[in-house]
Amino acid sequence: MPSYKLTYFNARGRAELTRLLFAYNGTAFEDARIQGEEWSKLKPNTPWGSLPILEVDGKMLGQSIAIARYVAKAMGLAGKGDMDQAIADSIVDAGMDMLTAVVKCKFETDEAKKAELKKNFDEKTLPAYLQNMSKQLGKNKYFVGDSVTWADLAVFSMWEMIPENDLCHDNLKEHRSRIEKLPKIAAYLAKRPKTDF
């Protein structure tokens with residue numbers, strides 16, 4: 001079995017999907033959470049000058065979605081065929097679009113621009129995202145096929161950034177509950193470090 005080391009800041013952020021994939025599969029991995037001074041030393045030695053990075057038996061991979069997709073495939077969570085994999089990928093990509101909007105709001109330093117970004121997110125981006133996700137899920141238990149894929153865990157990771165009362169679609173609330181109650185996910189959530197983002 002390969003040795004996995006995931007390096008990111010002490011935050012959920014762009015590494016949480018990969019952590020959830022490892023947790024769901026019950027796969028051991030080193031969860032290296034670094035601070036600012038450690039990052040400045042590590043940065044020149046990363047593939048893209050960014051985090052997260054995943055080391056698999058010492059070989060380094062960068063870019064959060066490439067890492068998560070690799071782990072999903074290795075764990076059998078990418079989807080059962082080419083079409084299911086493409087659908088799962090599209091759901092993950094839509095989630096990354098929403099994450100990008102969240103990050104813009106969170107890290108904008110100009111207060112007037114931040115307020116404008118937040119207003120646009122609350123009134124346009126989030127409602128459209130939720131409507132589209134509700135439509136994709138429909139009456140199904142999972143987003144793709146009849147079992148958990150990385151798309152379900154990616155969407156769940158997004159749910160953690162959205163207050164539960166904003167999940168105005170019953171099927172999305174049920175999905176969130178279904179995923180967080182999966183035994184290995186529940187165990188992971190109970191023991192992971194508490195972080196703001």
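Residues numbered from 1 in each chain as written. Predicted model: local features only at pLDDT ≥ 70, side-chain atom pairs only at ≥ 80, totals over all residues. Heavy atoms only, no water.

Draft legend 1. Representation of helix H1 (residues 16-25). Of all ten residues in H1, eight are buried, a share of seventy percent or more. Buried within H1 we find Glu16, Leu17, Thr18, Arg19, Leu20, Leu21, Phe22 and Ala23. Residues of H1 that are buried sit in contact with strand E1 (4-9), strand E2 (30-34), strand E3 (53-56), helix H3 (64-74), helix H6 (150-159) and helix H8 (183-191). Positive backbone phi, at 70°, marks Gly26, one or two positions downstream of H1. (Buried < 20%, exposed > 50% of the residue type's maximum accessible area, 1.4 Å probe, protein only. Helix = DSSP H or I, 4+ residues; strand = E, 2+ residues; numbered from the N terminus. Contact = heavy atoms within 4.5 Å.)

Draft legend 2. Quick peek at the packing of helix H4 (residues 82-107) against H6. Close contact between H4 and H6 brings their axes to 8 Å; oriented N to C, the two are set at 15°. One finds that H4 runs roughly parallel with respect to H6. Of the two elements, H4 crosses H6, and the hand of that crossing is left-handed. Contacts between H4 and H6 pair Ala88, Asp89, Ile91, Val92, Gly95, Met96, Met98 and Leu99 from the former with Trp150, Ala151, Ala154, Val155 and Met158 from the latter. A breakdown of the residues in the contact of H4 with H6 according to their chemical character gives eleven nonpolar, one polar and one charged. (Axes fitted to C-alpha atoms, helices over the stretch in contact; angles between N-to-C directions. Parallel < 35°, antiparallel > 145°, perpendicular 65-115°, else oblique. Left-handed = near helix turned anticlockwise from the far one by under 90°. Nonpolar A, V, L, I, M, F, W, Y, C, P; charged D, E, K, R; others polar.)

Draft legend 3. Structural context of the pairing of E2. Pairing geometry for E1 and E2, over five bridges, is parallel. Counterpart to Tyr8 in the pairing with E2 is Arg33. In this view, the connection linking E1 to its parallel neighbour E2 by way of H1 has right-handed handedness. (Pairing = 2+ DSSP bridges. Right-handed = clockwise from strand over helix to strand, strands pointing away.)

Draft legend 4. The arrangement of the nonpolar core in detail. In terms of nonpolar packing, the biggest core is built from 59 residues, with Leu21, Tyr129, Phe143, Trp150 and Trp159 touching the most fellow members. The dominant element in this core, judged by the number of residues it contributes, is H4, at nine residues. The contact partners of Tyr129, leaving out residues within four places of it in the chain, are Ala94, Gly95, Met98, Val155, Met158, Trp159 and Ile162. (Core = buried A, V, L, I, M, F, W, Y, C linked by side-chain atoms within 4.5 Å.)

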